[in-house]
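Commentary on secondary and tertiary structure
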Amino acid sequence: MSKREVFDSRLGAALLLLPTIVVSFLFLYYPAALAVRTSFFDSTFGRSDEFIGIENYVSLATDPGYRFSLAITVLFGLLVVAGVMVFSLYVTFLIHEVDYGESVYLISAIWPYALPPAVAALVFTFIIHPTLGVLTGPIESLGFAVDWFNTGWQAFVVITVAAIWKQIGYNVIFMVAAMNNIPEALTETAELDGVSGLRRLISIYIPIMSPTLFFLVIINTIYAFFSTFAFVDLMTGGGPSSSTNILIFDLYQEGFSFFNFGMASTKSVLLFIIVGILMYIQFQLTEEYSHYGA
Amino acid sequence: MPASDSPLGNADMSDDTRRSVLRGAATLLGAGSMTALAGCAGGGDGSGGDSQFSPIAEELTVWHAMGGENGETLNQIASDFEDETGTAVNMEFQDSYENVLTNTLAAFDSGNVSDMLQVDSLFAQQVLDTGQIRSVEEILPDDFDADAFLDNVADFFTIDGELSSMPFNNSNAIMYINRDAFEEAGLDPDDPPTTIEGVRAASEALVNQDVTEFGITWPNHVWFVEHFYSFEGETMLNNENGHSGTPTEFRTPDAVYDLYEWWKGMSDDELYTNPGIEAWGEATSLFVEERVGMLMTSTGSAGGLIADTEGVFDVDASPHPSISDTRVGPVIGGASFYVPDGLPEERYEDIGQLLAFMADPAVQVDWHKQTGYYPITESSIEELESENWFEENPMYATALEQLQAAETDNPATSRILVGPARAVQTTVQNKSVEIINSDDIASGIEAMKQQAEEELDSYYN
């Protein structure tokens, strides 16, 4: 970024930044530091905190339940990010290619994004509820028994699909914008050379859109790890058999249902580290593969 | 989200700028969601001791979990109390018992507490363990007769010989049946099943003759498992479900194996459908929509079920089924009002007046009629009987008879009183689903026992 001197005095700049700094400090950095501290304590309501060193970390490291949560969270994250990206790209491409009614398709694709996550979760529950759901009948008529209240892998699939469905709209908005920015001349040249539609998407559009796609991968990863909480909380409660007990839900339950603040803080610190590492890897990878213009 | 502010066409943005904006946005979002959560979880300071609390408002404040109609009824009680005594009361709805609990515990830490708290009996021990509760027996006016409560109700809420909280809305689980469906399937609606074996036979009749899709459903809630234990005369936890000492053991007598054997069989043969964990609404919907012929749920649902099925089918109430022919009685549960210790002394007299007012027979009679929660004092039952209320409303009579028939001196009829109640509850509910879907019931029950005991151990030790 080019260096611009907007402010004459550093003091003026500092003054204007102060509100943001104060708010960030009070509501982000300070609580985060407290969480790190609490993670070394046995802490709950109504009793005084007891320092226990790394005991929380040790017990999590040896807890098969937590390892299972970690594994399904990673799998869930991968599926959601991949699913959202692939599906959104394809939808965007179709919207880009269609001759009539582009805005109608665009609005329909974006619609689920306009729902708050909790509402989306309830809507989705009633779409695919094992006994009351509107889609359940048609699916079962294909000879498949919908039973995700009892069957772990089905619940996992339902949550994954719901999470993908919710996030497509957001991705389509950005992808449509990026795709519309691709010079028409490129498309025409490709068409003259007889490049098929899908090839054009893969070999021309995607590389050009890569900065946007990279951004979306990051946002979708954060989404999968954090914002999918409502789906789990409202649809499965982490079950059955912990099959949808992703880390963010596990952490919430530990803290706000069982009031084990020490352990919940430990879990949140670990989640922070895990997602931090993932972000670092993604930045490294995309640094290599993203094209930022000529 | 800051990122969504970008317009659809952002051609004029240089690639360089976009890159840094994107990276900035991503980092911010990441850090934001992460630390916000971490911060929330870090809130528990856990300062115990005899802190002096300040009240929420000049008026008496009551935190409760009664939504809809029941909440309206509670507001009415408050305004009647104000008319009578001149003391204003704010009834503040907190959405759920879980929220009352969370807010209460958080309030104890912050110092601003409400004057009365409606706590579900499941969470009683957790509130008592804070050491910030003053027993209502000390607060109630001297002329109040604590013996007025039904024995089994008073027994549950008496801790160390004192009435620790004021029982108010109490219910137990009963089984509702669709009379029309029973007749269609050739079953006698006047003789509904009383054991799990009978429920299976009735379910088979209903399903095999295509009257309903499933036989029975109930919300997957620990309360029903507790009822099965209680009817069998078995406590779920040792030391009398925690009433006579610290519970350390999750008991799994043979009857519990019978229960899960039956439950799994019902599920496998599609005679039972699982509405979901704590899915009270879904379970009721299945019954109202005639997808099931039987429903186990709260006696407090009677009024709603009558209204929802009017003109569609005849609903009736029958006692909660039991595992064997042993029928000790339902668990006594429901919620009660707790009062924090350490509020300004002058408030306790008004609080005592309000508590006494809420236990007044006239108030209890109205409360029962409008909500279906059973009356908890002998005198209110006498009054209802003198009005022939139970003869005219036989569904309410079923609930009360089930309660009165209970062997109150049997410790099994007292609900589990345990610190990590929410954790034990979640374990039982999650493991129940696991057990009925596994091929090995015994190891599933063993796993449930083990996990529940670990939770007891980590809370108490």
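From a predicted model like this one, the values you see are computed outputs, not experimental measurements.

**Here's the deal with the overall build of chain B**
Helices and strands together make up the secondary structure of chain B, namely 20 helices and 14 strands. Within chain B, the fraction of its 461 residues that count as buried is 50%. Pairs at least 24 residues apart make up 76% of the contacts formed inside chain B by residues separated by at least 6 positions.

**Side note on the overall build of chain A**
Of regular secondary structure, chain A possesses twelve helices and two strands. For chain A, the α and β elements follow one another from N to C terminus as α-β-β-α-α-α-α-α-α-α-α-α-α-α. With the principal axes as the frame, chain A shows a C-alpha extent of 75 × 70 × 30 Å. Residues classed as buried in chain A amount to 39% of the 294 residues present.

**Side note on helix α3 (residues 97–110) of chain B**
Residue and element names in this part refer to chain B. The terminal C-alpha atoms of α3, which comprises 14 residues, lie 20 Å apart, in line with the 20 Å expected from a rise of 1.5 Å per residue. Listed in full, the buried residues belonging to α3 are Val100, Leu101, Thr104, Leu105 and Phe108. In a view along the axis of α3, the buried residues occupy a sector of 125°, so they form one face of it. The secondary structure elements touched by the buried residues of α3 are β2 (60–64), β4 (112–113), β5 (116–120) and α4 (124–128). With its phi angle positive at about 105°, Gly111 sits one or two positions after the end of α3.

**Topic: the packing of helix α5 (residues 117–128) of chain A against helix α10 (residues 229–236) of chain A**
Residue and element names in this part refer to chain A. The N-to-C vectors of α5 and α10 enclose an angle of 40°; their axes lie 8 Å apart at closest approach. In terms of axis orientation, α5 runs oblique to α10. At the point where α5 passes α10, the crossing takes the right-handed sense. Touching Pro117, Ala118, Ala121, Leu122, Phe124 and Thr125 of α5 are Ala230, Phe231, Leu234 and Met235, all from α10. Across the contact of α5 with α10, the residue classes break down as nine nonpolar, one polar and no charged.

**Topic: the pairing of strand β12 (residues 292–298) of chain B**
Within a regular beta strand, the side chains point alternately toward one face of the sheet and then the other, so they alternate between its two faces. All names here are of chain B. Burial of β12 is extensive: seven of the seven residues sit out of reach of the surface. One ladder, built from three bridges, connects strand β11 (residues 214–217) with β12; its direction is parallel. In the strand pairing of β12, Ile216 is matched with Met294.

**Quick word on the sheet that holds β12(B)**
All names here are of chain B. On the basis of which strands lie adjacent, the open sheet formed by four strands has the order β11-β12-β10-β13 and mixed pairing. Across the chains shown, the open sheet's two edge strands, defined by having one partner strand only, are β11 and β13 (315–318). Taking the axes of each pair of neighbouring strands and ignoring which way they run, one obtains an average angle of 20° across the sheet. Summarising the sheet, strand β10 (residues 173–178) and β12 pair through five bridges and their orientation is antiparallel. The residue of β12 that forms the bridge with Met175 is Met296. Running at roughly 145° to β12, helix α12 (residues 280–288) makes contact with β10, β11 and β12 of the sheet. Helix-sheet contacts for helix α18 (residues 394–404) involve β10 and β13, and the interaxial angle to β13 is about 10°.

**Considerations on α18(B)**
Residues spaced three or four apart along an α-helix face the same direction, because each turn holds 3.6 residues. Residue and element names in this part refer to chain B. Taken as a whole, α18 has its buried residues at Met395, Tyr396, Thr398, Ala399, Gln402 and Leu403. Viewed along the axis of α18, the buried residues span an arc of 155°, placing them on a single side of the element. Of the surrounding secondary structure, the elements contacted by the buried residues of α18 are β10, α13 (302–309), β13 and α17 (389–392).

**Overview of the nonpolar core**
In this structure, A:Ile159, A:Ile248, B:Val119, B:Tyr176, B:Leu295 and B:Leu355 are the most contacted members of the largest nonpolar core, which totals 188 residues. With 16 residues, the top contributor of residues to this core is helix α7 (residues 152–180) of chain A. In this structure, this core is formed jointly by two domains, domain 1 (54–171 + 333–387) and domain 2 (173–331 + 409–460) of chain B, each of which donates at least three residues. Beyond its immediate stretch of four places on either side in the chain, B:Leu295 contacts B:Met175, B:Tyr176, B:Thr217, B:Trp218, B:Ala283, B:Thr284 and B:Phe287.

**Some points on the packing of helix α4 (residues 102–110) of chain A against α7(A)**
Residue and element names in this part refer to chain A. Remark: α4 packs on α7, axes separated minimally by 7 Å, with the N-to-C direction vectors making an angle of 140°. Put simply, α4 runs oblique to α7. Facing Leu106, Ala109 and Ile110 of α4, the residues of α7 in contact are Ile168, Gly169, Val172, Ile173 and Val176. Split into classes, the residues belonging to the contact of α4 with α7 amount to seven nonpolar, one polar and no charged.

**Some words on the domain arrangement of chain B**
All names here are of chain B. In terms of domain boundaries, chain B breaks down into domain 1 (54–171 + 333–387) and domain 2 (173–331 + 409–460). With centres defined by C-alpha atoms, the gap from domain 1 to domain 2 works out at 28 Å. Listed by partner, the interface residues are 16 residues for domain 1 and 17 residues for domain 2. Contributions of two or more residues to the side of domain 1 that touches domain 2 are made by α4 and α6 (151–157). Here the side of domain 1 that touches domain 2 is composed, by residue class, of six nonpolar, eight polar and two charged.

What counts and what doesn't
- Throughout this document, residue positions are counted from 1 along each chain, in the order its sequence is written.
- Chain letters and ligand numbers both follow the written order, the letters beginning at A and the numbers at 1.
- In keeping with the predicted nature of the model, local features appear solely for residues at pLDDT of at least 70, side-chain atom pairs appear and are counted solely at 80 or more, and the whole-chain, interface and lining totals rest on all residues.
- Counting from the N terminus, the helices are the DSSP runs of H or I reaching at least four residues and the strands are the DSSP runs of E reaching at least two.
- Comment: burial labels come from other C-beta atoms within 10 Å of the residue's own C-beta, placed from the backbone, where a count of 20 or more is buried, 12 or fewer is exposed, and between is partly exposed.
- Two residues qualify as a contact pair if the distance between their C-beta atoms, derived from the backbone, is within 7 Å.
- Take the number of residues in a helix, subtract one, and multiply by 1.5 Å to get its expected span.
- To be clear, the arc concerns the directions from the helix axis to the C-beta atoms.
- Every axis in this analysis is a line fitted to C-alpha atoms, fitted for helices over the stretch in contact. Angles between the N-to-C directions lie between 0 and 180 degrees.
- Angular relationships are summarised with four words: roughly parallel below 35 degrees, roughly antiparallel beyond 145, roughly perpendicular across 65 to 115, and oblique for the angles in between.
- Helix crossings get a hand from a simple test, with the near helix turned counterclockwise from the far one by less than a right angle marking a left-handed crossing and a clockwise turn marking a right-handed one.
- Each residue is assigned to one of three groups, with Ala, Val, Leu, Ile, Met, Phe, Trp, Tyr, Cys and Pro labelled nonpolar, Asp, Glu, Lys and Arg labelled charged, and all others, Gly among them, labelled polar.
- A pair of strands is labelled paired if DSSP reports no fewer than 2 bridges between them.
- Each nonpolar core consists of buried Ala, Val, Leu, Ile, Met, Phe, Trp, Tyr and Cys residues. Their C-beta atoms, within 7 Å, join them into a set.
- Note that the domain bounds were set by an automatic or database domain assignment.

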